[in-house]
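Observations on the model geometry
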Amino acid sequence: MTDRVVVAGAVYDRGRLLAARRSAPPELAGRWELPGGKVEPGESGEQALVRELREELGVETEPLERIPGEWPLPRGYVLRVWTARLVSGVPAPLQDHDELRWLGPGESGTVDWLEQDLSAVAEAVRRLPGG
Ligand code: DCM
């Protein structure tokens, strides 16, 4: 059986963290998340993360570190989160999102995060590379 894993990225660029506002499904629309998606069979978590961020945002990223922990999602999925560095491209809401925002160190509380992302967001902010 393939594990039911959703991976998400705390994407950093120039000392800021990328937040993405979901446009679907209706029960999640308008809430903010660390962007990502489901791991497909045969993929590592890091591979899935790079693919999802390319598909959803049109950017190339490099996973840095796994944020310790795992958070339960509906239907038996779990959420795993990595920090990641923006390598190239300008993120755009190509799929699943309708707004993106770069948050500075003091700004992580300014968007309405999905509950299941909150612990990872707090840890990602603690790890924000300076400047
Ligand atoms: N999800 C989440 N937090 C994230 C990314 C995804 O809670 N940072 C959830 C939302 C969906 C599921 O994972 O229920 C699959 O995400 P997607 O629709 O983006 O593939």
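Residues numbered from 1 in each chain as written. Predicted model: local features only at pLDDT ≥ 70, side-chain atom pairs only at ≥ 80, totals over all residues. Heavy atoms only, no water.

**So, the layout of surface pockets**
One way to see where empty space is left: roll a probe the size of a water molecule over the atoms. Our working rule: Grid points spaced at 1 Å over the protein atoms alone were grouped into cavities, where a 1.4 Å probe fits but cannot get out, and pockets, open sets with protein on both sides within 12 Å along at least five of seven lines, with lining residues defined by an atom within 4 Å of a point. Grid points are joined across faces, edges and corners, and a volume is the space filled by probe spheres set on the points. Helix and strand definitions follow DSSP, with helices as H or I runs of at least four residues and strands as E runs of at least two, each counted in order from the N terminus. Any residue outside Ala, Val, Leu, Ile, Met, Phe, Trp, Tyr, Cys, Pro, Asp, Glu, Lys and Arg is labelled polar, Gly included; the first ten of those are nonpolar and the last four are charged.
The volume enclosed by the largest pocket comes to roughly 530 Å³. Breaking the lining of the largest pocket down by element, the ones donating at least two residues are β1 (5-13), β4 (36-38) and α1 (45-57). Here the lining of the largest pocket is composed, by residue class, of 13 nonpolar, three polar and nine charged.

**What to know about the confidence of the model for the chain**
Test applied: Each residue carries a pLDDT score, the predictor's own confidence in it, on a scale running from 0 to 100.
For the chain, per-residue confidence averages 96 on the pLDDT scale, and 98% of positions sit at 70 or higher. Overall fold confidence for the complex sits at a pTM of 0.96, while the interface term, ipTM, reaches 0.96.

**Remarks on the nonpolar core**
Within soluble globular proteins, side chains that are nonpolar tend to cluster in buried spots. Our working definition: We define the nonpolar core as a collection of buried residues of types Ala, Val, Leu, Ile, Met, Phe, Trp, Tyr and Cys that are connected through side-chain atoms lying within 4.5 Å of one another. Only protein chains enter the calculation, and the probe is 1.4 Å; a residue is then buried if its accessible area is under 20% of its type maximum, exposed if over 50%, and partly exposed in between. Residue contacts are defined here by distance: any two heavy atoms, one from each residue, within 4.5 Å place the two residues in contact.
Among the nonpolar cores identified, the biggest contains 21 residues, and L17, L34, L79, V81 and W113 are the most heavily contacted of them. If you list the elements that add at least two residues to this core, you get β1, β2 (16-22), β5 (60-72), β6 (78-88) and α2 (118-126). The biggest single contributor to this core is β1, with four residues. Not counting residues up to four positions away in its chain, the partners in contact with L17 are A10, V11, Y12, L34, R101, W102, L103, V121, A124, V125 and L128. In this structure, V7, A20, L53 and L86 belong to the second largest nonpolar core, which totals 16 residues.

**Regarding the pattern of salt bridges**
To be explicit about the condition: The term salt bridge refers to a side-chain nitrogen of Lys or Arg lying within 4 Å of a carboxyl oxygen of Asp or Glu.
Across all of its chains, the model carries 19 salt bridges by this definition. Its salt-bridge partner being D98, residue R21 comes within 2.8 Å of it at the nearest N-O pair. With R21 in strand β2 and D98 in strand β7 (residues 97-103), the pair connects residues that are 77 residues apart, well separated along the chain. Put simply, R85 and E62 hold a salt bridge, and the shortest N to O gap is 2.9 Å.

**Regarding the site of the ligand**
Rules: Proximity is defined per residue: if any heavy atom of the residue lies within 4 Å of a molecule or strand, that residue is considered near it. In protein, a polar contact requires one atom able to donate a hydrogen and another able to accept it; more generally it is a pair of N or O atoms within 3.5 Å, and residues adjacent in sequence count only if both atoms are side-chain atoms. To measure how exposed things are, a 1.4 Å probe is used in the Shrake-Rupley method; for residues, cover is taken only from the protein chains shown. Any molecule with more than half of its atoms within 2 Å of a cavity's or pocket's grid points is counted as sitting in it.
Lining the immediate surroundings of the ligand are 15 residues, of which R22, E33, L34, Q116 and D117 lie closest. Residue R22 places a side-chain N or O atom 3.0 Å away from an oxygen atom belonging to the ligand. Within the contact set of the ligand, a nitrogen atom lies 2.6 Å away from a backbone nitrogen or oxygen of L34. Contact with the protein chains covers 88% of the free accessible surface of the ligand, which is 450 Å². When atoms are counted within 2 Å of each cavity's grid points, the one that captures over half of the ligand is the largest pocket. Among the elements of the structure, β1 and β4 are those that each provide at least two residues to the shell around the ligand. Residues that form the shell around the ligand fall into these classes: seven nonpolar, three polar and five charged.

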